[in-house]
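# Survey of secondary and tertiary structure
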Amino acid sequence: MADTPARLLTLLSLLQSRPVWSGTELAERLGVTTRTVRTDIERLRALDYPVHATRGALGGYRLGAGGKLPPLLLDDEEAVAVAIGLRAGRGIAGIEAASSRALAKLEQVLPPRLRPAVEAVSSAIEHAPENTATDAPDPEVDPDTLRAVATAIHSTEQLRFDYDDAARLVEPYRLLSWQRRWYLVARDPATGEWDVYRADRLTPRMRTHRRFTPTPIEDGDYTAFAMRRIASSGWNVHARLRVNAPAETVLSRINPAVGAVESLDPTTSVLVTGADTLETVAVFIGLLGMDFTVESPAELRPLLRVLADRYARA
């Protein structure tokens, strides 16, 4: 490969495709000598791409993390997959704008031969409404907030943030995307208590740079814990209902994220449920198909009367 710029781009692409390459392997791929490979490596370093070299039988060249993002050289399948993924990402709260910008950059340089494939898949796929469980608008999450939380999780670093006008310090473990909302599963290092926080309600403070030793949640299932917690405390409004049915019967009718069920006696149970609005609660509790009494809040009762009258007129 006589053309030096083309060879450098190919070399950079090879270094991105796997962790370590030996000089001999790179020389064979590029059709040059190992001496030329060493020269090209120095050229990449001069362009601020950190290429690390290690000696020994298992040594070779490795592309490290630098001060700028190198050009991502994608093959045809990768380019199509990324373009389609970015189009889907425009529907995820908190990253719509970033996904659209990245997609615009990719489509601008997408080779003409790949455009029909991307257009064909994109035009054949339709996205149904993601948020069908509430009449409340989707909350906006600052991408910087998601990035700060994800960085703390990845770095096993304590996270400090403001939440509902109170300062919190937690050990962050997982970010959960559900029903077009983002949730943080975290543990209080002082009390050992686990909790779930709505990402749209938290404002990260400066990084703490305090590392912590992870303490796995009891059953190891962070998603299941989050679903249970969201049901009891993760909504804007909550309702407590006394249901004329055994707890097992109620549990068989609901998703774990819909509510927490407590048995009162063999024939009666309590369902604590929630939603973003009381109107949504009023509609969905009718789907239980069981008689119930509203214990709280009192504001739910007139909404049920309105629905009852409407259904009666129908």
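Use the structure listed above.
Here is a short report on the structure shown in this document. Please read all numbers here as calculations on a predicted model, not as lab measurements. (Residues numbered from 1 in each chain as written. Predicted model: local features only at pLDDT ≥ 70, side-chain atom pairs only at ≥ 80, totals over all residues. Heavy atoms only, no water.)

## Observations regarding the sheet that holds strand β4 (residues 166-178)
Rule in force here: Pairing between two strands requires that DSSP report at least two bridges joining them. Numbering of helices and strands runs from the N terminus; a helix is a DSSP stretch of H or I covering at least four residues, while a strand is a stretch of E covering at least two. To obtain each axis, a line is fitted to C-alpha atoms, and for helices this fit is confined to the stretch in contact; angles are then taken between N-to-C directions over 0 to 180 degrees. Contacts are residue-level and defined by heavy atoms, with any inter-residue pair within 4.5 Å sufficient.
A sheet is described by the order of its strands in space; here five strands give the open sequence β6-β5-β4-β3-β7, paired in antiparallel fashion. Two strands lie at the open edges of the sheet, namely β6 (194-198) and β7 (202-204), each paired on one side alone. Across the sheet, the axes of successive neighbouring strands diverge by a mean angle of 50 degrees, strand direction being ignored. As judged from the five bridges shared by strand β5 (residues 181-187) and β6, these two strands associate in the antiparallel manner. Bridging from a neighbouring strand, V185 pairs with V196 of β6. On the sheet, helix α7 (residues 143-154) packs against β3 (159-163), β4, β5 and β7 and is oriented at approximately 95 degrees with respect to β4.

## Re the pattern of salt bridges
Pairing between side chains of opposite charge can happen when the charged atoms of each approach one another. Put simply, the rule reads: The term salt bridge refers to a side-chain nitrogen of Lys or Arg lying within 4 Å of a carboxyl oxygen of Asp or Glu. Partly exposed describes any residue whose relative accessible area lies between the buried limit of under 20% and the exposed limit of over 50%, with all areas from a 1.4 Å probe on protein chains only and scaled to the type maximum.
Using the criterion set out here, one finds 13 salt bridges in the structure. A salt bridge links R45 to E42; the nearest nitrogen and oxygen atoms lie 2.5 Å apart. Here R45 and its partner E42 are both found in helix α3 (residues 34-46), three residues apart, which amounts to about one turn of the helix. What makes R45 partly exposed here is its relative accessible area of 29%. Counted as one network, the salt bridges with shared partners bring together R7, D40 and R43.

## Points about α7
The line we're drawing: Given the number of residues in a helix, its expected span is that number minus one, multiplied by 1.5 Å. As used here, the arc belongs to the directions running from the helix axis to the C-beta atoms.
Helix length check: α7, at twelve residues, gives a terminal C-alpha distance of 16 Å against a target of 16 Å (1.5 Å per residue), a fit within 8%. For α7, the set of buried residues is T145, L146, V149 and A152. End-on view of α7: buried residues confined to an arc of 135 degrees, all on one side of the axis. Contact partners of the buried residues in α7: β3, β4, β5 and β7. In the stretch just after α7, T156 is the one whose phi turns positive, near 50 degrees.

Honestly, it's all geometry; don't read function into it.
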